[in-house]
Each structure stands twice: as structure tokens, then as C-alpha cells.
Amino acid sequence: MSKRVRKAIFPVGGLGTRFLPATKSMPKEMLPVVDKPLIQYAVEEARAAGIEEFIFVTGRGKSAIEDHFDFSYELDRVLSERGRVKDVQQIKALLPQPGDIAYVRQQEPLGLGHAVWCARNLVDNEPFAVLLADDLVLASKPCLSQLTAAYTGGNLVAAMEVPPDQVSRYGVLDVAGNEGNLIKVKGIVEKPAPKDAPSNLCVIGRYVLDPSVFDHLARLQRGAGGEIQLTDALAAMVGQVPFHGYRFEGTRFDCGDKVGFFEANVAFALERPDLGESVRSVIQRYAKKK
Ligand code: UTP
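Notes on the structure follow. What you see is a predicted model; the values in this text were computed from it and never measured.

Thresholds applied
- Residues numbered from 1 in each chain as written.
- Predicted model: local features only at pLDDT ≥ 70, side-chain atom pairs only at ≥ 80, totals over all residues.
- Heavy atoms only, no water.
- Near = heavy atom within 4 Å.
- Polar contact = N/O pair within 3.5 Å; in protein donor to acceptor, adjacent residues only side chain to side chain.
- Areas by Shrake-Rupley, 256 points an atom, 1.4 Å probe, with all protein chains shown as cover.
- Phe/Tyr/Trp six-rings, centres within 6.5 Å; stacked < 30°, edge-to-face > 60°.
- Helix = DSSP H or I, 4+ residues; strand = E, 2+ residues; numbered from the N terminus.
- Buried < 20%, exposed > 50% of the residue type's maximum accessible area, 1.4 Å probe, protein only.
- Pairing = 2+ DSSP bridges.
- Core = buried A, V, L, I, M, F, W, Y, C linked by side-chain atoms within 4.5 Å.
- Contact = heavy atoms within 4.5 Å.
- Salt bridge = Lys/Arg side-chain N within 4 Å of Asp/Glu carboxyl O.

1. Section: the site of the ligand
Link 1 in the chain: Around the ligand sit 17 residues in total, of which Gly 13, Thr 17, Arg 18, Lys 28 and Gln 106 are the nearest.
Link 2 in the chain: Here an oxygen atom of the ligand and a backbone polar atom of Pro 11 are 3.1 Å apart.
Link 3 in the chain: Gly 14 places a polar main-chain atom, nitrogen or oxygen, 3.0 Å from an oxygen atom of the ligand.
Link 4 in the chain: Expressed as a share of its isolated accessible area of 560 Å², the protein-covered part of the ligand is 83%.

Written out as C-alpha cells, the structure is:
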């Protein structure tokens, strides 16, 4: 039987250096894909999966994220006066219930593991989800819903195959066996050189985790790139709690990377009934030029 997951952590404390200068004063997670910020896609995905409490791990310069999920009195008034009822409703639908959203500050961006650890006091002793907004998944059933439906306890991570020469960008799974979409995991390594990678099955930014991960993160050990890695804590838990990967259905876009972000914009625009046709003709026009 699947186990209920009520809380989600959104680590948004990273510097987003691959997107400079755009991210100098604007959070990477506020970059829009078509017309919606990345972080809103992640929050909507969490909501669709039944998440009730939303915990953001923020950092300096990230206040635009808090404003985005806050009531905007001026905007509400101006749109209402202009009779733009649909826009008013759309903006209001964004807002979580008061008290369902919490922010905790990661004072220094010491790594994803450190960001997750910063939320420990708000999670308590229950399984929780982690969503990285810069991983965007286009799927008929949202990626986190696929995970929560399959979750029976321990650690469960979304996984996908990548070309072997790209494994060094990811956490890579050491596979013990497969059962449908579920992968039994016997190990995990962060950013291995291709020759040392145990497979080409890599973890993307959707996790459902056992709360005992906080005990491992509390050691604050530095790993790959000098950062406190979530992967290292997960590796230390192998054999202590069940650990599975889940081969999710859908297309994942790495929106922390410029080309991945551009591709996500194309893919999501083409899916939109109001934009798809015009975007397709623009792309065809440019494709003919080259
Ligand atoms: P990235 O590895 O993409 O790092 O983080 P980054 O700093 O955001 O971006 P680059 O590499 O400098 O361009 C993956 C996710 O983990 C969060 C980021 O906000 C992003 O959602 N993160 C990373 C933190 O919250 N804190 C950290 O210390 C590091």
C-alpha cells in the first residue's frame, strides 16, 4: 500500500550561476517557462500529488519567490477595476492557504544536502517529498504523483537513463534489480566519472525520503564539488531503509541549463492550445533559414 506524503521541501537556495547575468538579482526558480515561473510548476505538481505543506529553503536574493506566493493587493485591485475576472481568479488560485507555506533560510549555499537539512525542524518524523524546480517534467501524470503512488516507505527517487558520457552531472544508481518501473537500488554515487559509474540510470530532482535522512545530513560532510550532497546521505542509508528508483513516465528538462531551459520553453509552448500553432510556425520559419 502506498504511504501518504503530506509535506514537500523546495530547495531554492542555490546561486544559479549557470544563468548569469539573468540570476544576478532574480532567483533562477522565477525564470518563466512560457509564462509561468519554474517554481510555480513545482508547487502545482506537489499540490496535484496531495502535498499539503510547502517548505521553501531560500537564500539571499530570493524574496521574489515569497512575493509570488503572496497576495498582491495592488494587482488584485487594478485587475478587478478593469473587469479582468479570469486574471484575478488565476492569480488567487496561486496562493496556498495561510499557514500551509513556510520559509526557512539557508544562510550559505553549501549544497543540496545542506538545503534539505535546513528544513529538518519543519518536517518532523514523517516521509516527505523534495522537488527541484529547475527539473521540469512534462508528463500526462505529474512526476511526483507517479512517485507518491508507488511509495511504500524508505527512499524513492525519480530516475531516468542518460547517455553514458553525461552521467558525471548526476547522482547515479547502482541497480540490484527491476520490477516494472521500480528499481531496487544497492548504491548511489554523486557525479562519477563515466568509467566509474555503476549504471547510466540517474536521479532527477524528485524524491520521497525517509525522515532518518536528517540524521545522516546532520554530519554535514562535504562530498563532490566540496558541497554537502543529498546523494551521500542516501548512499549511507542503503541497507538501513528500503531504497528504490522509479522510472517515471514523461520528458524531463534540465532548466538549470540554458539549452534545457530553451527546449522546455519550446515543448511547453507547443503543448499550449492558445500558442502551439503560432510557435510551431515560428520554429519552422527559423528552421528554414539554416
Ligand atoms: P544546482 O546544482 O543547479 O545549483 O542546484 P545552483 O546553485 O542552483 O545553480 P548553478 O549550478 O550555480 O547554475 C540544484 C537545486 O538545489 C538547490 C538549487 O536552488 C536548485 O534548486 N540548492 C543548491 C540549494 O537550495 N542550496 C544549495 O546550497 C545548492
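The structure having been displayed, the exposition proceeds.
2. Structural notes on the packing of aromatic side chains
Link 1 in the chain: One pass over the structure, following the stated rule, counts eight aromatic pairs.
Link 2 in the chain: Judged by centre distance (5.3 Å) and plane angle (80 degrees), the ring pair of Phe 19 and Phe 261 falls under edge-to-face. Of this pair, Phe 19 sits in the loop between strand S1 (7-11) and strand S2 (32-33) while Phe 261 sits in helix H10 (residues 258-271); the two residues are 242 residues apart in sequence, bridging distant segments of the chain.
Link 3 in the chain: Residue Phe 19 is classed as buried on the basis of its relative accessible area of 8%.
Link 4 in the chain: You can call Phe 261 buried: its relative accessible area is 14%.
Link 5 in the chain: Put simply, the rings of Phe 10, Phe 54, Phe 56, Phe 69 and Tyr 103 touch in pairs and so form one group of aromatic residues.

3. A few points about the pairing of strand S4 (residues 53-58)
Link 1 in the chain: Among the six residues that make up S4, five are buried, leaving the element largely enclosed by the rest of the structure.
Link 2 in the chain: By the bridge criterion, five bridges tie S1 to S4 in an arrangement that is parallel. Across the sheet, residue Ala 8 finds its bridge partner in S4, namely Phe 54.

4. Let's talk about the environment of Arg 77
Link 1 in the chain: The residue Arg 77 is located in helix H3 (residues 73-81) in this model.
Link 2 in the chain: By relative accessible area, which is 38% here, Arg 77 ends up partly exposed.
Link 3 in the chain: Considered as a pair, Arg 77 and Gly 205 are 128 residues apart in the sequence and their alpha carbons are 37 Å apart.

5. Comments concerning the nonpolar core
Where a protein is soluble and globular, its nonpolar side chains tend to be buried together.
Link 1 in the chain: One finds Phe 10, Val 33, Ile 39, Phe 56 and Leu 144 to be the most contacted residues of the largest nonpolar core, which totals 48 residues.
Link 2 in the chain: Looking at this core element by element, the count peaks at six residues for helix H1 (residues 38-48).
Link 3 in the chain: The contacts of Leu 144, once residues within four sequence positions are left out, are Glu 45, Ala 46, Ala 49, Ile 51, Ala 129, Leu 131, Tyr 207 and Val 208.
Link 4 in the chain: Core analysis: the next-biggest nonpolar cluster, separate from the first, contains 32 residues, Ile 55, Val 116, Leu 217 and Val 241 among them.

6. Focus: unusual backbone geometry
Link 1 in the chain: Looking along the chain, the bond that leaves Leu 20 and enters Pro 21 is cis, with omega of 5 degrees.
Link 2 in the chain: As for its position among the elements, Pro 21 is in the loop between S1 and S2.
Link 3 in the chain: Even without being glycine, Lys 191 reaches a positive phi, approximately 45 degrees.
Link 4 in the chain: For Lys 191, the location among the structural elements is in the loop between strand S10 (182-190) and strand S11 (201-209).
Link 5 in the chain: Residue classification places Lys 191 among the partly exposed residues on the basis of a relative accessible area of 41%.
Link 6 in the chain: Phi at Leu 220 takes a positive value of approximately 50 degrees, unusual for a residue other than glycine.
Link 7 in the chain: Turning to its location among the elements, Leu 220 is positioned in the loop between helix H8 (213-217) and helix H9 (230-237).
Link 8 in the chain: The class of Leu 220 is partly exposed, set by a relative accessible area of 33%.

7. Observations regarding the pattern of salt bridges
Link 1 in the chain: Taken as a whole and assessed by the stated rule, the structure comprises 19 salt bridges.
Link 2 in the chain: Where Glu 53 meets Arg 6, a salt bridge forms, and the shortest distance between an N and an O atom there is 3.5 Å. Taken together, the residues span a long stretch of sequence, with Glu 53 in strand S4 and Arg 6 in the segment before S1 at a distance of 47 residues.
Link 3 in the chain: Residue Asp 76 is joined to Lys 92 by a salt bridge in which the shortest nitrogen-to-oxygen separation is 3.5 Å. With Asp 76 in helix H3 and Lys 92 in helix H4 (residues 85-93), the pair connects residues that are 16 residues apart, well separated along the chain.
Link 4 in the chain: Owing to a relative accessible area of 18%, Asp 76 belongs among the buried residues under this scheme.
Link 5 in the chain: Among the charged side chains, a salt-bridge network with shared partners connects Arg 4, Arg 6, Lys 7, Glu 52, Glu 53 and Glu 126.

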